[in-house]
Amino acid sequence: MSLAQTLWNENADLAAAALEHPFVLGIGDGSLPREAFAAYIAQDAFFLDGFARAYALALAHSPDRESRDSFAELLTGVREELRLHDRYAARWGIDLERVQPTQTTSAYLDFLLDRASLAGVGLTCAAMTPCMRLYAHLGHSLAGRTAEPYTEWVQTYADPAFRQLVATLEQLLDQHATDVHDTQTTYRRAMELELAFFDEALADPRSNMTTTRPPD
Amino acid sequence: MCSQGEAWRRATRHPFLEGVRRGTLRKGTFEAWLAQDNLFVGDLLWFQARLLARAPRYAQRVLAEGALALVDELAWFDEQATQLALDLEVERLPATRAYLTLLERLDAEPFEPASTGLWTLERVYLEAWSFAAPAPPPYDVFVEHWTTPKFRAYVDELAALADPSHVNIVAAVLAAEVAFWEAALA
């Protein structure tokens, strides 16, 4: 079994907790308050900006041509996702220029960019893979049984093109991870931060928001 | 920029470029330069991707598109090398190493001087190859590739991120460019 698959299996408890998280359940049946979703989207846009920066660092630090091409593909993918967020933000009345990161978002970004800046391509992949794999898992699990207004969000992550990006990143993880213990620790930490991100989205939506209005 | 006119001229109208335009380079000269330029493009990708990682939002699109274009450029170098039966697995010459050292210095600069350095080197590249156009075979393919309207538009976009009043940065890049052409003729 590949290292990426082993890591995913080792974190099945956190993946299950994410799928049963009230935020995700609320996405699934459409009952999630719109304010909570808007607050989440605002923070996620901030997070994705950092995610794209981490991919840029991984591209800079790629040791061979194949990795370079793969990180270029992933950077292209995340930039497409950022454009999607811009459209979401416009529709949900969020001014991304005015969004400030919450403590949870900052903690996740600090962790991610610390690995991407200092720890080499292997641990950079270990820090980035959980987000991608988890969202593909959530998209796959919720697809076809979601209610409006969140079906479009689910479809983004259920898309085969997104799964392909996950596979690309997991291959890079398998190829570059050297220290298994550090890789496991980094991977699990990222999974925990993903759950914290959902927790916070439900905690106090209004504290995370700048300006919102109901979607059209 | 006017005070640096002579330095710009030397960097963009070098005898190496004259040799390309006239088709008078000694056999192997262009090929040896190409192999060094391939190494440089790899070093530039390192610099530019790291610059992208710390860029303000307004600068991200052009820097990302530029970094991805460098990835494509490296693949294009590989194709050309295959066609010319050229070995790209060479060691950096001193001028190429010195240029990498300059890129490392720029990497440690704040964003604006660093992006001014990036604009300078791309502007030199565009102007230099425009000077070499039109070139005879087998150089025509290369010169056309490095003088496309798309590349010119990219350099114009980079200009918006640059401030030529960082004269020391501009001068350092121009000197590195001249040294790089000189190495090709050595």
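Note that the structure is a prediction, hence the values are computed from the model and not measured.

## Here's the deal with the overall build of chain B
Assigned secondary structure in chain B consists of nine helices and zero strands. Over its C-alpha atoms chain B spans a radius of gyration of 16 Å, differing by no more than 12% from the 16 Å that the globule rule assigns to 186 residues. Seen through its C-alpha atoms, chain B measures out along the principal axes to roughly 45 × 35 × 30 Å. Long-range contacts, defined as pairs at least 24 residues apart, comprise 80% of the intrachain contacts of chain B with a sequence gap of at least 6.

## Observations concerning the overall build of chain A
If you tally the helices and strands in chain A, you get 10 helices and zero strands. Along chain A, helices and strands appear, N-terminal first, in the series α-α-α-α-α-α-α-α-α-α. In terms of overall size, chain A behaves like a compact globule, its C-alpha atoms giving a radius of gyration of 17 Å where 216 residues would be expected to give roughly 17 Å. C-alpha extents for chain A along the principal axes are approximately 45 × 30 × 30 Å. Split into buried and exposed, the 216 residues of chain A put 45% on the buried side. When contacts within chain A are restricted to residue pairs at least 6 apart in sequence, those whose partners lie at least 24 apart make up 83%.

## A look at the confidence of the model for chain B
Low-pLDDT portions of the prediction should not be read for the details of their coordinates. Looking at chain B as a whole, the pLDDT averages 96, with 98% of positions reaching at least 70. Predicted as a complex, the structure gets a pTM of 0.93 and an ipTM equal to 0.94.

## Observations concerning the environment of Arg123 of chain B
Residue and element names in this part refer to chain B. Of note, Arg123 is situated in helix α6 (residues 111–131). The exposure class assigned to Arg123 is buried, which follows from the 23 C-beta atoms found within 10 Å. The spacing of Arg123 and Glu91 is 32 residues in sequence and 26 Å in space, taken between C-alpha atoms.

## Description of the interface of chain B and chain A
Between chain B and chain A, the contact holds nine residues from the first and 11 residues from the second. Of all the elements in the fold, those that place two or more residues in the side of chain B that touches chain A are α3 (29–53) and α4 (57–83) of chain B. Among the elements that line the side of chain B that touches chain A, the one with the most residues is α3 of chain B, at five residues. Of the residues that constitute the side of chain B that touches chain A, the class distribution is eight nonpolar, no polar and one charged.

Calculation notes
- Residues numbered from 1 in each chain as written.
- Chains lettered and ligands numbered in written order.
- Predicted model: local features only at pLDDT ≥ 70, side-chain atom pairs only at ≥ 80, totals over all residues.
- Helix = DSSP H or I, 4+ residues; strand = E, 2+ residues; numbered from the N terminus.
- Rg over C-alpha atoms; globule rule 2.2 N^0.38 Å.
- Contact = placed C-beta atoms within 7 Å.
- Buried ≥ 20, exposed ≤ 12 C-beta atoms within 10 Å, placed from the backbone.
- pLDDT = per-residue confidence, 0-100.
- Nonpolar A, V, L, I, M, F, W, Y, C, P; charged D, E, K, R; others polar.

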